[in-house]
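# Residue-level structural notes
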Amino acid sequence: MQCVAPSSSIGYKSTIGTTSYNVFHLPARLNQLNIQCAAAPATANGFASGGIGKSRADWQSSCAILASKVESQQQNTDNSTGADQITVVNGHNSLDLVPIKKLPKPLTIADLSPAPSHGSTLRVAYQGVPGAYSEAAAGKAYPNCDAIPCDQFEVAFQAVELWIADRAVLPVENSLGGSIHRNYDLLLRHRLHIVGEVQLPVHHCLLALPGVRKEFINRVISHPQALAQCELTLTKLGLTVTREAVDDTAGAAEFVAANDLRDTAAIASARAAELYGLNILADGIQDDSSNVTRFVMLAREPIIPRTDIPFKTSIVFAHEQGTSVLFKVLSAFAFRNISLTKIESRPHRNRPIRVVGDENVGTAKHFEYLFYVDFEASMADVRAQNALAEVQEYTSFLRVLGSYPMDMTPWSPSSSSSQ
Ligand SMILES: O=C(O)C(=O)C[C@]1(C(=O)O)C=C[C@@H](O)C=C1
């Protein structure tokens, strides 16, 4: 496989609040197409059939990442399985290289934790463009990481599955907008493990091109969650104008700037204003100053649960008899004094309806659900193990999505890392 490294693959250092991280420049965001190309390197030879313009550059970029990954993996393999070379003096005043057989080294905790396999810098895939809150969450979780923009969450998942990235960052809930349902469905559809969480204060700004005043605005664009988080404030500002949803907040800012839209404002971070040359018309426009989004970090391998620091565990389950017996399942935690921090239900797509028939009364059709529960205990904690053993008895389906350290950073919504 021959790949050409993209000429624009130069990173820049970015600082948000007290955290700094490298922003990894790809020619464009990772998208479904270049993920597929990276997954099927055989298409490299037959590229003429489908390769056009930007896609080709994107493909080359993905291949370059993949090639460097393969190369570093080979180096790792060579180092760990090959014979060591040592230098000895052989008595004839000359130096010889004598191979000695390498003895196995004891495993350490570091060997067992999922670490970057390609070198020193962790590559973290997120949905959006630079300036998105997900990028800030990646920087908070992994200072100095390479943040890799992706055009969809699905692509961020695939980037990790295909070893193009080491982690994916996924927003799952917001203190104002609630759960991000689609992302719960994605957690189930993919086989990645939750290895961490980050709670990011989200501080929104209303952005427009320089010289544009609020009175000129007849459209506000942003991520649907951001629009929901600013709904009341927009009305208070007199902006009862068309609101349009786009893929991410920073993408909205980029769109306004790139298309020179003088009648459109974007809701995004102050950092997005800086990156795309926009003015801040209004600052802190979220409906509540303590607006926080919770992100989870995903990896190919789970981490080893610990009991010496606060841990949280996320599970998903379905019950044969549906919602009616949910209290029984949850009592497994209550009896062991394990606190639940979150419960969410989603349609059980494989079996959406449970029919309960009674000749005399008729046929009841109950909707079936999957339940997502987060609880405050590590899987290394015997209480959690016993609780799950009991839950398993009741449930028709149970999966542990991950056991991971809780975000215990001090609560200070005003000193937002996403500004
Ligand atoms: O659009 C962004 O900037 C994102 O990172 C996504 C997202 C979300 O999905 O909730 C993240 C944080 C904010 O709550 C608004 C949007």
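Residues numbered from 1 in each chain as written. Predicted model: local features only at pLDDT ≥ 70, side-chain atom pairs only at ≥ 80, totals over all residues. Heavy atoms only, no water.

Per an unreviewed UniProt entry, the protein carries the name Arogenate dehydratase and comes from Helianthus annuus. Turning to the protein, the UniProt annotation filed under Catalytic activity (unreviewed entry) states: "L-arogenate + H(+) = L-phenylalanine + CO2 + H2O". Taken from UniProt, the Pathway (unreviewed entry) comment for the protein reads in full: "Amino-acid biosynthesis; L-phenylalanine biosynthesis; L-phenylalanine from L-arogenate: step 1/1." (UniProt positions renumbered as here; feature names shortened; annotations may be inferred.)

## Some thoughts on the domain arrangement of the protein
For the protein, the assigned domains are domain 1 (12-77 + 116-198), domain 2 (205-285) and domain 3 (303-405). Overall, the association of domain 1 and domain 3 removes approximately 1,500 Å² of surface from exposure, summing both partners, and the carbon and sulfur fraction of that is 51%. Looking only at domain 1, the three residues that lose the most surface to domain 3 are Tyr184, Leu188 and Ile194, adding up to 39% of its buried area. Connecting domain 1 to domain 3 are three salt bridges. The salt bridge involving aspartate 185 is made with arginine 346; its shortest N-O contact spans 2.8 Å. Scanning the region where domain 1 abuts domain 3 turns up 11 residue pairs in polar contact (both at pLDDT 80 or more). Taken together, the elements giving at least two residues each to the side of domain 1 that touches domain 3 come down to α6 (181-189) and β9 (193-201). Here the residues of the side of domain 1 that touches domain 3 are counted per class, giving six nonpolar, five polar and four charged. (Domains from an automatic or database assignment. Buried area = accessible area lost by both parts, 1.4 Å probe. Salt bridge = Lys/Arg side-chain N within 4 Å of Asp/Glu carboxyl O. Polar contact = N/O pair within 3.5 Å; in protein donor to acceptor, adjacent residues only side chain to side chain. Helix = DSSP H or I, 4+ residues; strand = E, 2+ residues; numbered from the N terminus. Nonpolar A, V, L, I, M, F, W, Y, C, P; charged D, E, K, R; others polar.)

## A few points about the packing of aromatic side chains
Counted according to the given criterion, the structure contains four aromatic pairs. For the pair phenylalanine 317 and phenylalanine 371, a centre-to-centre distance of 5.8 Å together with 35 degrees between the ring planes defines the contact as tilted. Residue phenylalanine 317 is located in strand β16 (residues 311-319), and its partner phenylalanine 371 is located in strand β20 (residues 369-375); the two are separated by 54 residues in the primary sequence. Comparing phenylalanine 317 with phenylalanine 371, the two get one shared label, buried. Taking the centre distance of 6.3 Å and the plane angle of 45 degrees together, the rings of tyrosine 369 and phenylalanine 371 count as tilted. Look at tyrosine 369 and you get partly exposed, because its relative accessible area is 28%. (Phe/Tyr/Trp six-rings, centres within 6.5 Å; stacked < 30°, edge-to-face > 60°. Buried < 20%, exposed > 50% of the residue type's maximum accessible area, 1.4 Å probe, protein only.)

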